[in-house]
Amino acid sequence: MIFGKAFENILLKRQMSLLRLSERTEIDQSRLEASLAGDGDLADEEFAKIAAELGLPVNALFSNAVLPLSDVPDYRKKTPAPAPMEQGVIKALGYVEKVSLSLASLGIDLSADEELTKYTGLLDKKSAKKLAAKWRKRWGITNEQQLDWANANTVYSDLRSYIERLGVFVLHYSMDTEKVAGLYTKIDGGPHAIVINRSSGSKARRLFTLAHEFCHVLLRASGLSNPSIRKNKIEVFCNQFAAYLLAPKELIRQGLERYNYTPSIDNSSIRLLAQNLGISQQCCLLRLIDMKVLPKEDYSRWVGRFVGKTPEEDKKTKSGGGGGEPDPIRDKRTYYGFTFLAKLSKARKEGLLDAIDIYRLAGIKPKYQNALLGG
């Protein structure tokens, strides 16, 4: 068998050269070139390895029609543009594409709430603050609630629930790397989809990533991100939005008053305040500096202590609002999210998907489907 006419476009979308594909699959480049030229002798298991590396079903390799794959700029770069991706990121992207296109082809309504309009204003700090205030009000969380919860799990669950009610898929996927925190994409009639890398960080850091990626949705700026890497104006803006959304000035002030902390990077106050607000230490420090409670120089001093690593306390999650004994149903609900499961449930009730279809599409075994999708 040989590759279809669309294979070169697949490589382009995945930013994958034949040399890199050869290295990843351990298939000689000359054999890949021969198959691309219409004179190949690749075995079925080799095609399976190639498909896995590209995050696609095997039959996609033989397509002659251009496939509706995602354009995914890398926002970790100074100038965002498509770039080679880690294998785990490609797999996550392939999963989102598969479920999005499959549900769209079934005629399932994947439209977003009318409230989720595109932001087209300035990308400056003042605008980020204003936009965040607008969406925090729509979200409906109060400073008192957040202080009483004092837990990143609870804040995360509440924000995720709100974003999903807008029609956005929020999926958790293990990308097997800490270099990417999350991504946002939307393709061909599919839903707005945020993917949070569950291989990376605590709930507090994932919370910041979720808020950051929500800003990408508002900007309609698809791509992959790491909020710790801010080399371009879009990432700076998304970080500012996330910080203002999760930690407005009055929340910080009320927290300082309630706990009587004296902020300093030389004591435990940053860590303790961040825990009690349910946010990451980095987010907390940025807000304290922005409010001029701490000097700008403190940021570089603090970050210098964690070069190449995450603060230990940001790898942990304060107890409450999650954890406990293993629970496969709870865990799967967390991985898939309410909106995606609701769409699968609808497709099943309407007879559009059976148990095997759902397993092939989403990876949910039949024994879990009643509990996740309704009896």
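Right above here is the structure, for reference.
What counts, and where the lines are drawn
- Residues numbered from 1 in each chain as written.
- Predicted model: local features only at pLDDT ≥ 70, side-chain atom pairs only at ≥ 80, totals over all residues.
- Heavy atoms only, no water.
- Buried < 20%, exposed > 50% of the residue type's maximum accessible area, 1.4 Å probe, protein only.
- Helix = DSSP H or I, 4+ residues; strand = E, 2+ residues; numbered from the N terminus.
- Pairing = 2+ DSSP bridges.
- Contact = heavy atoms within 4.5 Å.
- Polar contact = N/O pair within 3.5 Å; in protein donor to acceptor, adjacent residues only side chain to side chain.
- Patch = residues over 30% accessible without salt bridge, like charges linked within 9 Å, V, L, I, M, F, W, Y side chains within 5 Å.
- Areas by Shrake-Rupley, 256 points an atom, 1.4 Å probe, with all protein chains shown as cover.
- Salt bridge = Lys/Arg side-chain N within 4 Å of Asp/Glu carboxyl O.
- Lys, Arg positive; Asp, Glu negative; His and termini not counted.
- Charge placed at Lys NZ, Arg CZ, Asp CG, Glu CD.
- Disulfide = S-S within 2.5 Å.
- Core = buried A, V, L, I, M, F, W, Y, C linked by side-chain atoms within 4.5 Å.
- Arc of directions from axis to C-beta.

A.B. asks: Describe the pairing of strand β3 (residues 169-173), and please don't skip the residues or the numbers.
C.D. replies: Summarising burial for β3: four of the five residues are buried, a large majority. Here β3 pairs with strand β5 (residues 193-197) via five bridges, running parallel. Considered in β5, the bridge of tyrosine 173 is made with asparagine 197.

A.B. asks: Go over the pairing of strand β4 (residues 182-185), please, and point to the residues and values.
C.D. replies: Of the two faces of β4, the one holding Gly182 and Tyr184 and the one holding Leu183 and Thr185 are both buried throughout. For β4 and β5, the ladder comprises four bridges, and the chain directions are antiparallel. Opposite glycine 182, over in β5, you have isoleucine 196 as the bridge partner. Bridge count for β4 against strand β6 (residues 223-225) is three bridges, and the pairing is antiparallel. Along β6, the bridge assignment pairs glycine 182 with serine 225.

A.B. asks: Tell me about the environment of lysine 13, and please be specific about residues and values.
C.D. replies: Tracing the backbone shows lysine 13 in helix α1 (residues 7-13). A C-alpha to C-alpha distance of 8.1 Å links lysine 13 and proline 82, two positions 69 residues apart in sequence. If we skip the residues at most four places from it in the chain, lysine 13 touches Leu69, Ser70, Asp71 and Met85. Here aspartate 71 takes part through its side chain, which lies 2.8 Å from a polar atom of the side chain of lysine 13.

A.B. asks: Describe the side chain of arginine 14, and please don't skip the residues or the numbers.
C.D. replies: The topology assignment puts arginine 14 in the loop between α1 and α2 (18-25). Overall, the relative accessible area of 0% leaves arginine 14 in the buried class. Among residues more than four places away in sequence, those in contact with arginine 14 are Leu54, Gly55, Leu56, Leu69, Met85, Ile90, Leu93, Gly94 and Glu97.

A.B. asks: Can you explain a positive patch on the surface? Please cite residues and give values.
C.D. replies: Together, Lys129, Lys249, Lys292 and Lys296 make up a region of like positive charge exposed at the surface. In this structure, lysine 292 sits in the loop between α13 (281-290) and α14 (297-303).

A.B. asks: A description of the state of the cysteines should follow, citing residues and the corresponding values.
C.D. replies: Inspection of the entire model under this criterion finds zero disulfides. Left unpaired, cysteine 215 is separated from the closest cysteine sulfur, that of cysteine 238, by 3.6 Å. In this model cysteine 284 remains outside any disulfide bridge; the closest cysteine sulfur is found in cysteine 283, 7.2 Å from its own. The buried category is assigned to cysteine 284, whose relative accessible area is 0%.

A.B. asks: Go over the nonpolar core, please, and point to the residues and values.
C.D. replies: With 60 residues, the main nonpolar core has Trp135, Leu159, Phe214 and Phe241 as its most contacted residues. Not counting residues within four places of it along the chain, the set of residues in contact with phenylalanine 214 comprises Leu116, Trp135, Ile163, Leu166, Ile194 and Phe241. With 52 residues, the next largest nonpolar core counts Ile50, Val96, Leu103 and Val180 among its residues.

A.B. asks: Can you lay out the environment of arginine 230 for me, pointing to particular residues and giving the numbers?
C.D. replies: Residue position: arginine 230 is located in the loop between β6 and α10 (233-246). Considering only alpha carbons, one finds arginine 230 and glutamine 275, 45 residues apart in sequence, at a separation of 24 Å. Each residue touching arginine 230, except ones within four places of it in the same chain, is listed here: Glu235, Val236, Asn239, Leu286 and Tyr299.

A.B. asks: Provide a residue-level description of helix α11 (residues 249-259), including the pertinent values.
C.D. replies: The complete set of buried residues in α11 reads Leu251, Ile252, Gly255 and Leu256. The buried residues of α11 occupy an angular sector of 135° when the element is viewed end-on, so they sit on one face. On its buried face, α11 sits against α6 (125-139), α7 (143-149), α10, α12 (269-277) and α13. At the C-terminal side of α11, asparagine 260 shows a positive phi close to 55°.

A.B. asks: Tell me what's going on with the pattern of salt bridges, and back it up with residues and numbers.
C.D. replies: By the definition in use, this model includes 17 salt bridges. Between aspartate 41 and arginine 31 there is a salt bridge, with its nearest N and O atoms 3.5 Å apart. Of the two residues, aspartate 41 sits in the loop between α3 (29-36) and α4 (44-54) while arginine 31 sits in helix α3, which places them ten residues apart along the sequence. On the accessibility criterion, arginine 31 (25% relative accessible area) is partly exposed. Across the salt bridge formed by arginine 258 and aspartate 148, the nearest N and O atoms sit 3.2 Å from each other. On the criterion of sequence distance, the pair formed by arginine 258 in helix α11 and aspartate 148 in helix α7 is long-range, its members being 110 residues apart. Residue class for arginine 258 comes out partly exposed when judged on its relative accessible area of 43%. Taking the relative accessible area as the measure of exposure, aspartate 148 reaches 55% and is therefore exposed. One salt-bridge network, held together by shared partners, links Arg31, Asp41 and Glu46.

Distances and angles like these do not, on their own, reveal function.
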